[in-house]
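Structure assessment
Chain residues, written in single-letter form:
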Amino acid sequence: MFKKVFNLFLLLLNAQLSLGNELTLRNNLFQDYNKDSLPLGNQSSISLKMGIAFRAFNSIDQVEGTLTANIWLRHWWTDGNLLWNPDEYGGITDIAVNTDPGVDNSVWVPDIYLYNTAEKPMEQLDYSRAHIYYDGSIIWSRPGIITSTCTFNLRSFPYDTQHCFFKFGSWVYHGGQMNLTMDEGSIDISNFQPNDGWNLANTSSALNFVKYSCCPELYPDITFNITIDRLPGYYTLN
């Protein structure tokens, strides 16, 4: 009986020590941290890697020319201002951090927008928490709903194939400030739920550099392309 009580005491003591170490770590990390500034550290620019996981196509509206998708938008980058030695904090190698700019102790996050949006960009994507590791590397996956524009060609209806895309990029940072790259296997459909009226036939992605009339610099974007085939069974039957 004494041994069980002693083991329970050790577990509670370790939990308190771990909680104390994490609290100290957070206080030290965010003491002079500024989430509004590029977290360069010793870097000359931010390297941001991106990928997307399609969960489902909630709505495919040929009249409005829109495609609404349930997605996880994934980001990887390194924050040069958030580094620590795990040995100094009880072996802690990673913690979860806030990304919502309106919340205390939140980290800098890239201002990625859907360029070809049909509604308010990114409004229905969640400011989920991100994972940060002791070397400053961050993994952030944002779940939510996005609606893009899409031009539908109905000439072969109901045996038509449509090509749509989702174009993402920074609204402020040009290529010299943010080096945008694609994740290997940048489009993940492993958890995709099939649509009743359409088949997801193909996906591809491309990294582009565009010079806009407003600005002298090149701005990178990543375009995720999808090809969908209509399932004509209902129309053939009727």
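All figures in this text were calculated on a predicted structure; none of them were measured in a lab. (Residues numbered from 1 in each chain as written. Predicted model: local features only at pLDDT ≥ 70, side-chain atom pairs only at ≥ 80, totals over all residues. Heavy atoms only, no water.)

1. What to know about a nonpolar patch on the surface
Side chains of M182, L207, F209 and L218 sit close together on the surface and give an oily, nonpolar patch of about 340 Å² of accessible area. Counting through the fold element by element, M182 comes out in strand β8 (residues 178-188). (Patch = residues over 30% accessible without salt bridge, like charges linked within 9 Å, V, L, I, M, F, W, Y side chains within 5 Å. Areas by Shrake-Rupley, 256 points an atom, 1.4 Å probe, with all protein chains shown as cover. Salt bridge = Lys/Arg side-chain N within 4 Å of Asp/Glu carboxyl O. Helix = DSSP H or I, 4+ residues; strand = E, 2+ residues; numbered from the N terminus.)

2. Some details on the sheet that holds strand β2 (residues 66-78)
Here we have 6 strands laid out as an open sheet, ordered β3-β5-β6-β2-β1-β8, and mixed in their pairing. The sheet is open, and its two edges are formed by β3 (94-97) and β8, each paired on a single side. Neighbour-to-neighbour, the strand axes of this sheet turn through a mean angle of 30°, independent of strand direction. As judged from the 11 bridges shared by strand β1 (residues 46-61) and β2, these two strands associate in the antiparallel manner. Residue pairing across strands places S59 opposite T68, the latter belonging to β2. (Pairing = 2+ DSSP bridges. Axes fitted to C-alpha atoms, helices over the stretch in contact; angles between N-to-C directions.)

3. Quick word on unusual backbone geometry
With an omega of 5°, the peptide bond between F157 and P158 qualifies as cis. For P158, the position within the fold is in the loop between β6 (137-149) and β7 (161-170). One non-glycine residue, N105, lies in the positive phi region at around 55°. One can find N105 in the loop between β3 and β4 (112-114). Here N105 falls in the partly exposed class, since its relative accessible area comes to 44%. (Buried < 20%, exposed > 50% of the residue type's maximum accessible area, 1.4 Å probe, protein only.)

4. Notes on the packing of aromatic side chains
Under the defined criterion, the tally for this structure stands at 12 aromatic pairs. Ring centres 6.1 Å apart and planes at 75° place the aromatic pair Y115 and W171 in the edge-to-face group. Here Y115, found in the loop between β4 and β5 (130-133), pairs with W171, found in the loop between β7 and β8; they are 56 residues apart in sequence, far enough to count as distant. Joined through ring pairs, the aromatic side chains of W77, W108, Y127, W140 and Y173 make up one cluster. Positioned above the aromatic ring of W76, the side-chain terminus of K49 is 5.2 Å from the ring centre. The ring of Y127 carries R142 above its face, with NZ or CZ at 4.5 Å from the centroid. (Phe/Tyr/Trp six-rings, centres within 6.5 Å; stacked < 30°, edge-to-face > 60°. Lys NZ or Arg CZ within 6 Å of the ring centre and 35° of its normal.)

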